[in-house]
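# A closer look at the structure
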Amino acid sequence: MAQSILKAARVIRSKNSGPYELTLDIIFKDKRYFDLFRKRKIVTKQSVAALYKRPVKDILKLLYFEPATALKITMRRPIPSGHPGETDIYGAQQHAPLLRITF
Amino acid sequence: MKKREEEFRVLSTTAILGYGFPKASFEAGIRRKPHLIAVDAGSTDPGPYYLGAGKSFTNRAAVKRDLRFMLKAGIGLGIPVVIGTAGGSGARPHVDWCEAIIREIAREENLKFRMAIVYADVDKKRVRAHLKKGEIVPLTCVPPLDEATLDASINIVAQMGVEPLLQALDTGCDVILAGRCYDPAVFAAPAIRRGFDPGLAIHMGKILECAAIAATPGSGADCALGTLKKDSFILEALNPKRKFTRASTAAHTLYEKSDPMHLPGPGGEIDLTRCTFTQLPGGRVEVRGSRHVETERYWVKLEAVRRVGYRTISVAGTRDPIMIASIDSILEAVTSQVRDILKAEKIAGRIYFHVYGRDGVMGDLEPDKRILGHELGLVIEAVAPTEAESESLCSLTRSTMLHYGYPGRISTAGNLAFPFSPSDAKMGEVFEFSIYHLMPVRDQGIFKIRTVRV
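Residues numbered from 1 in each chain as written. Chains lettered and ligands numbered in written order. Predicted model: local features only at pLDDT ≥ 70, side-chain atom pairs only at ≥ 80, totals over all residues. Heavy atoms only, no water.

## A word on the overall build of chain A
The helix and strand tally for chain A stands at two helices and four strands. Secondary structure of chain A in N-to-C order comes out as β-β-α-α-β-β. Against the 2.2 N^0.38 benchmark of 13 Å for 103 residues, chain A shows a C-alpha radius of gyration of 14 Å, consistent with a compact globule. Judged by the C-alpha coordinates and their principal axes, chain A covers about 45 × 25 × 20 Å. Classification of the 103 residues of chain A by burial places 54% in the buried group. Considering only contacts in chain A between residues 6 or more positions apart, those separated by 24 or more positions represent 57%. If you sum the accessible surface of chain A, you get close to 4500 Å²; carbon and sulfur atoms cover 55% of it. Computed over 20 positive and 8 negative side-chain charges, the inter-centroid distance for chain A is 5 Å. (Helix = DSSP H or I, 4+ residues; strand = E, 2+ residues; numbered from the N terminus. Rg over C-alpha atoms; globule rule 2.2 N^0.38 Å. Buried < 20%, exposed > 50% of the residue type's maximum accessible area, 1.4 Å probe, protein only. Contact = heavy atoms within 4.5 Å. Areas by Shrake-Rupley, 256 points an atom, 1.4 Å probe, with all protein chains shown as cover. Lys, Arg positive; Asp, Glu negative; His and termini not counted. Charge placed at Lys NZ, Arg CZ, Asp CG, Glu CD.)

## Thoughts on the pattern of salt bridges
One side chain can pair with another of opposite charge once the charged atoms of both are near each other. Considering all chains together, one arrives at 43 salt bridges over all chains under this definition. The salt bridge partner of Arg-54 of chain A is Asp-58 of chain A, with a shortest N-O separation of 3.5 Å. For Glu-27 of chain B, the salt bridge identified is with Lys-23 of chain B, shortest N-O distance 3.3 Å. Residue Glu-27 of chain B and its partner Lys-23 of chain B are both found in helix α1 (residues 23-31); the two are separated by four residues, about one turn of the helix. Glu-27 of chain B sits in the partly exposed class, given a relative accessible area of 34%. Taken together, the shared-partner salt bridges in this structure form one network comprising Arg-60, Lys-64, Arg-68, Lys-72, Glu-104, Glu-108 and Glu-109 of chain B. (Salt bridge = Lys/Arg side-chain N within 4 Å of Asp/Glu carboxyl O.)

## Concerning the side chain of Glu-209 of chain B
All names here are of chain B. Tracing the backbone shows Glu-209 in the loop between α9 (198-208) and β8 (224-228). Within the buried core, Glu-209 has no salt-bridge partner, and the shortest N-O distance to an opposite charge, that of Lys-206, equals 4.4 Å. With residues up to four places along the chain from it excluded, the contact list for Glu-209 reads Thr-14, Ala-15, Asp-40, Asp-183 and Phe-187.

## Considerations on the domain arrangement of chain B
Each domain of chain B was delimited in the assignment, giving domain 1 (8-303 + 435-453) and domain 2 (320-416). Of note, the centres of domain 1 of chain B and domain 2 of chain B, computed from C-alpha atoms alone, are 42 Å apart. (Domains from an automatic or database assignment.)

## Observations regarding unusual backbone geometry
All names here are of chain B. A cis amide bond, omega -10 degrees, links Thr-216 with the succeeding residue Pro-217. The topology assignment puts Pro-217 in the loop between α9 and β8. The amide bond that connects Ser-421 to the next residue, Pro-422, takes the cis arrangement and shows omega of 5 degrees. Locating Pro-422 in the fold gives a position in the loop between α13 (387-403) and β18 (424-441). Positive phi, normally seen in glycine, also occurs at Thr-85, with a value near 50 degrees. Positionally, Thr-85 belongs in the loop between β3 (81-84) and α4 (92-109).

## Observations concerning the interface of chain B and chain A
Counting residues at the interface gives 43 residues for chain B and 43 residues for chain A. Here chain B and chain A share an interface that buries about 3600 Å² over both sides, 63% of which is from carbon and sulfur atoms. Along the contact surface separating chain B from chain A lie one salt bridge. Here Asp-45 of chain B ties to Lys-15 of chain A by a salt bridge, and the two come within 2.6 Å at their closest N and O atoms. Between chain B and chain A we count eleven residue pairs in polar contact (both at pLDDT 80 or more) in total. Contributions of two or more residues to the side of chain B that touches chain A are made by α10 (246-254), β15 (298-318), β16 (350-356), β17 (376-384) and β18 of chain B. Residue classes in the side of chain B that touches chain A are distributed as 24 nonpolar, nine polar and ten charged. (Buried area = accessible area lost by both parts, 1.4 Å probe. Polar contact = N/O pair within 3.5 Å; in protein donor to acceptor, adjacent residues only side chain to side chain. Nonpolar A, V, L, I, M, F, W, Y, C, P; charged D, E, K, R; others polar.)

## Here we look at empty space enclosed by the protein
Residues and elements named next belong to chain B. Per the stated rule, a full pass over the model turns up one cavity of 30 Å³ or more. Of the voids in this model, the largest cavity is the one considered here, and its volume is about 70 Å³. Contributing to the lining of the largest cavity are Ser-43, Thr-44, Pro-46, Gly-47, Pro-48, Tyr-50, Leu-51, Phe-57, Ser-89, Arg-180, Glu-303 and Phe-433. Along the lines of polarity and charge, the residues of the lining of the largest cavity split into six nonpolar, four polar and two charged. (1 Å grid on protein atoms, 1.4 Å probe; cavity = no way out; pocket = protein on both sides within 12 Å on 5 of 7 lines; lining within 4 Å. Points joined across faces, edges and corners; volume = space filled by probe spheres on them.)

## Points about helix α1 (residues 31-40) of chain A
Residues and elements named next belong to chain A. If you check which residues of α1 are buried, you get Tyr-33, Phe-34 and Phe-37. Taken down its axis, α1 places every buried residue within 105 degrees of arc, on the same side. Away from its buried face, by an angle of more than 90 degrees, α1 presents the exposed residues Arg-32, Lys-39 and Arg-40. Elements that come into contact with the buried residues of α1 comprise β2 (21-28), β3 (59-65) and β4 (70-76). A distance of 3.1 Å separates the backbone nitrogen of Arg-32 from a side-chain oxygen at the start of α1, and that oxygen is part of Asp-30. (Arc of directions from axis to C-beta.)

## Describing the sheet that holds strand β10 (residues 262-265) of chain B
Residues and elements named next belong to chain B. A sheet is described by the order of its strands in space; here three strands give the open sequence β10-β11-β14, paired in antiparallel fashion. Strands at the two margins of the open sheet, each flanked by one partner only, are β10 and β14 (291-294). Taking each pair of neighbouring strands and ignoring which way they run, the sheet shows an average axis angle of 25 degrees. Sheet analysis places strand β11 (residues 268-271) next to β14, joined by four bridges and oriented antiparallel. Each residue of the ladder has a partner; that of Asp-271, found in β14, is Arg-291. In the packing of α9 onto the sheet, the strands contacted are β10, β11 and β14, and the crossing angle to β14 comes to about 110 degrees. (Pairing = 2+ DSSP bridges. Axes fitted to C-alpha atoms, helices over the stretch in contact; angles between N-to-C directions.)

Next up, the structure:
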């Protein structure tokens, strides 16, 4: 049965990486989940693009960082931080679609 | 030549100057006899307004409070106090603002010292010369720079690395006040000057610039101590409530950056591919293996903004289920009605609706546009070339929206609930980032140093 990412992750967050990019971190509860996600490729650029309904080319990077047992995804901001009409200057509330990941 | 010290201790007071720190943590840090007190005072995170307007996003009284502790202790102990990205954005007006605060404290506390001020402002002519040679390189997702954008840009700053700070330290000043800095530079430069490894020094600075955020529980308003050694550095909290753990430190390496293995900065990058984090007793973490790799040319990051106009906003809400069900078409109709009037009246500007309860938080990134709540929050944002036009545009949009007769409407007295009178608020000037590019520099001459007696 599919389980929620919340079972595997202790931190799921978003933040600006400069004004033009957003960076999303999934920090796993332990090395076991980290290895599972990495080995089975549970999260891909394609799946992140689908969750956000954005083109795959907007998902710039997806990489694993073992010292923090974390997965990091960097994506293009549709509107740079603080430009007129923008909604989240710090980019700190753009993580919620990741909560729908299952494994 | 003084005998080389075995270690170099750095007291980082707070994540951003003005965010505060407990007095007890600061005193615990001072008891450890640091060789340096340093703080990062800025960020581009609060958005383009502050660089453009020449204002700090931090509060003056709070900045003064933090600086008073740091200056009194630093001057008293005869150790340098180094402040980076003064005034939040690090352009001339921000540096002047911070200098005035420092002089005020010196008068009040009867402190006498020498201060080196390092400016980060970049002349437009210099940028233009590099632009003509095709040497202004956009960072990821940033459009290439053109002449028109450069002309419109204001307060162009370059992030300085450790080199201008080393020059400033060579003047023998007690206090260094720097404009826009690469965040770790203020923590790293004094250590590098004493012969410590740049890779370790800059990586330690990268963590210390956020003070105790990298500890657990993390806090941006508490101190941290970094101890640099020959081939490692050690981080520790100064508040018994917090500790550095391997996990918290490694996780912090991810924070606000797109690639945790390679951290680019002025003149090079920190390569963390061979970096290790080791837990030590007493809530301390030891880091090894961070290397500084110089790039062939020395590149600095430029930042600037341009003025877009003025903004007026109105905050309102609706509780009507019929209206909520057709909000998309209502907003479209209101926009087109307003646009026609603007055209006739020759008023320029744009309206943006922030619809909380639909996609007010995520905008274009929101995959789920369903409305599931029983009320909607609405922020009408009007941006126009002049303040008067932005007020007219906001007012017109608000009144049109309030009385718009949408199909199926049964609440005919008004469509919106306003929490405030006046309903509209002037938000002042609007800026957007215009330059976020790399520029090569041959020497560090662009960073001008002025020494003063305080």
